[in-house]
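Take a look at the letters that make up each chain.
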Amino acid sequence: VTAGTLQLTAKSYTREYGEENPVFEFEQSGTATLRGVPAITCAATKESPVGIYDIIIAQGTVENENVNYVKGTLTITKAMLTVKAGDATRMEGEPNPTFTLTYSGFKNNDTEDVLTEKPVATTVADEQSAPGEYDITVSGGQAENYDFTYESGTLTVEAKPVVVIKVDDYENANTETFIISEDGTATFVGVEPQYADETVSIVEIPETVSYDGEEYTVNEIAESAFEDMSTITKFIIPRTITRIGANAFKGCTGLMALVVDITEPLDLLSAASRGMNGATSDDSDPVFSGVDKETCVLYVPIGSKEKYAYAPIWNTFKNIEELDIQGIADVTYSTGASFSIYTVSGSKVRSNATSLKGLPAGVYIVNGKKVMVK
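Remember, predicted model here, so these are calculated numbers, not experimental data.

Peer 1: I keep staring at the sheet that holds strand β16 (residues 153-158) and nothing clicks. Help me out?
Peer 2: Pairing between sheet strands relies on hydrogen bonds along the backbone, with the strands arranged either parallel or antiparallel. Taken in spatial order, the four strands of this open sheet run β9-β16-β13-β12, and their pairing is mixed. Looking at the sheet topology across the chains shown, the edges are occupied by β9 (88-91) and β12 (120-122). The average angle at which neighbouring strand axes cross in this sheet is 25°, direction not considered. Bridge count between β9 and β16: four bridges; the pairing is parallel. Within the sheet, the bridge partner assigned to R90 lies in β16 and is V157.

Peer 1: What should I look at first to understand the nonpolar core in this one?
Peer 2: Soluble, globular proteins show a tendency: their nonpolar side chains are buried together. Among the nonpolar cores identified, the biggest contains 43 residues, and I221, F226, F249, L258, F288 and W314 are the most heavily contacted of them. Those elements that provide at least two residues to this core are β17 (162-169), β18 (174-181), β19 (185-193), β22 (214-221), β23 (234-237), β25 (257-260) and β26 (297-301). By size, the runner-up hydrophobic cluster in this structure holds 34 residues, among which are V62, I76, F99 and A143.

Peer 1: What am I meant to see in the pattern of salt bridges here?
Peer 2: One pass over the full model with this rule turns up 11 salt bridges. Across the salt bridge formed by E207 and R239, the nearest N and O atoms sit 3.1 Å from each other. With a gap of 32 residues between them, E207 in the loop between β20 (202-204) and β21 (208-211) and R239 in the loop between β23 and β24 (243-244) connect regions that are remote in the sequence. We note a salt bridge from K293 to D285, for which the minimum N-O separation is 2.6 Å. Accessibility classification places K293 together with D285 in one group, the buried group. It is possible to trace a salt-bridge network through shared partners that takes in E207, R239 and D261.

Peer 1: Is there a simple way to think about the packing of aromatic side chains in this case?
Peer 2: What characterises a pair of aromatic rings is the spacing of the ring centres plus the angle enclosed by the ring planes. The tally for this structure, following the rule as stated, stands at 14 aromatic pairs. Ring centres of F178 and F188 lie 5.1 Å apart, and the angle between their planes is 80°; on these two criteria the pair is classed as edge-to-face. Pair noted here: F178 is in strand β18 and F188 is in strand β19, with a separation of 10 residues, a long-range link. Across the pair, F188 and F178 agree in class, each one buried. Pairing Y308 with W314 gives two aromatic rings, centres 5.2 Å apart and planes at 80°, and the pair type is edge-to-face. W314 carries the same exposure label as Y308, and that label is buried.

Peer 1: Is there a simple way to think about the sheet that holds strand β4 (residues 39-42) in this case?
Peer 2: If you walk across this open sheet you meet the four strands as β2-β7-β5-β4, and the pairing is mixed. Each end of this open sheet is capped by a strand with a single partner; those strands are β2 (13-16) and β4. Taken pair by pair, the neighbouring strands of this sheet meet at an average axis angle of 25°, ignoring direction.

Peer 1: Looking at this structure, how should I read the environment of K71?
Peer 2: As for its placement among the helices and strands, K71 is situated in the loop between β6 (67-70) and β7 (72-77). Through-space distance from the C-alpha of K71 to that of L8 is 8.6 Å; in sequence the pair is 63 residues apart. Here D54 takes part through its side chain, which lies 3.1 Å from a polar atom of the side chain of K71.

Peer 1: Could you clarify how one ought to interpret the side chain of R15 in this entry?
Peer 2: With respect to the element layout, R15 can be found in strand β2. Here R15 sits buried without a salt bridge, and the closest side chain of opposite charge, E19, lies 7.1 Å off (N-O distance). In contact with R15, not counting residues within four places along its chain, are E20, N21, P22, A44, T45, K46, L74, T75, I76 and T77.

Peer 1: I'm lost on the side chain of S181 in this one. Help?
Peer 2: Along the chain, S181 turns up in strand β18. The exposure class of S181 is buried, given its relative accessible area of 4%. Beyond its immediate stretch of four places on either side in the chain, S181 contacts K160, P161, V162 and Y216.

Peer 1: I tried to follow the confidence of the model for the protein on my own but got confused; where do I start?
Peer 2: Atom-level detail of predicted coordinates should not be read off regions where pLDDT is low. When the pLDDT values of the protein are averaged, the result is 88; 86% of them are 70 or greater. Contacts for the low-pLDDT stretch residues 273-278, under 50 throughout, to residues beyond four places or in other chains number 15 contacts. The model gives residues 327-335 a pLDDT under 50, and that stretch makes 39 contacts with residues more than four places away or in other chains.

Peer 1: Mind showing me how you'd approach the environment of E151 here?
Peer 2: Turning to its location among the elements, E151 is positioned in strand β15 (residues 146-151). Remark: the alpha-carbon pair of E151 and G86, spanning 65 residues in sequence, is separated by 9.2 Å. Residues contacting E151, with those up to four places away along its chain left out, are T82, V83, K84, A85 and V138.

Conventions adopted
Residues numbered from 1 in each chain as written. Predicted model: local features only at pLDDT ≥ 70, side-chain atom pairs only at ≥ 80, totals over all residues. Heavy atoms only, no water. Pairing = 2+ DSSP bridges. Helix = DSSP H or I, 4+ residues; strand = E, 2+ residues; numbered from the N terminus. Axes fitted to C-alpha atoms, helices over the stretch in contact; angles between N-to-C directions. Core = buried A, V, L, I, M, F, W, Y, C linked by side-chain atoms within 4.5 Å. Buried < 20%, exposed > 50% of the residue type's maximum accessible area, 1.4 Å probe, protein only. Salt bridge = Lys/Arg side-chain N within 4 Å of Asp/Glu carboxyl O. Phe/Tyr/Trp six-rings, centres within 6.5 Å; stacked < 30°, edge-to-face > 60°. Polar contact = N/O pair within 3.5 Å; in protein donor to acceptor, adjacent residues only side chain to side chain. Lys, Arg positive; Asp, Glu negative; His and termini not counted. Contact = heavy atoms within 4.5 Å. pLDDT = per-residue confidence, 0-100.

Below, the structure is given as structure tokens:
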């Protein structure tokens, strides 16, 4: 700057998207005395997107000659948008609900529509997760004019309301224990002989149990349900079972026949994560550890042998045979209830029965279902 001249430089500024422009100022250098006020303008407004804008300084009312005008810049940065996951609650065994997100920090009446990629809320909990609290985390948002900060929510998985009942399997002289859930399902959790001087040798899991006037589908075998019951020689698993818990048949060293009325082999590799009490299991066989796969015969529905022969864990059974299981259904048990017994041709053989003992071997109708007496 030579003597007798002035240089007027517009100051540079930075602000967030959606904020008002600051009051623009300038700096001067040189030897002359400034007469008048320069004009300072910027094309950016409160609604302008993120970017760098010129701050123009011009003559305005300046009377001086030999004035050099130097522009500044206005840098508009992204505003901060806070995204919070809402809390949620569900019952154990149910799928996760759709998680909700709330936003704070939008500018210029913006909405979610301005986001180029909307954030998503996720959790590690799934249908197999035990009751407890799990973080709902948020991630993945993108926008031209916003940066993101995320706040987690909490998913509370509540234990199923349950009722524990004991019912009698008169045919096999067993007393079986079930957990009844309000969702209309039941879990088989244990078995014991009806009489102290007897042992459990055959277990036929029913498709349904009745309690307090309601019928419940038996869809789960609990963790360790038959663990170390070496006297059991035969299990019959109905088609309604969809889950088997860790160590369910561990240590059943006397098992000779396993009848599975399920066309598609159940996934047993994740059984350890399905246990009610979180017990660890043998990773190589989380369900049948200790069962002699050389001598125990696995009976499956007709047409399913090949599927079981390739299914993990199931394929460790050396003898897999097909059986017409569909023709014989298990009796529906009802606590404290008597029942009538009919032949398959419709002739009544007993009224107000409480036991199948003493019947000749054959197939009978009990509570509308076929029952085999051995």
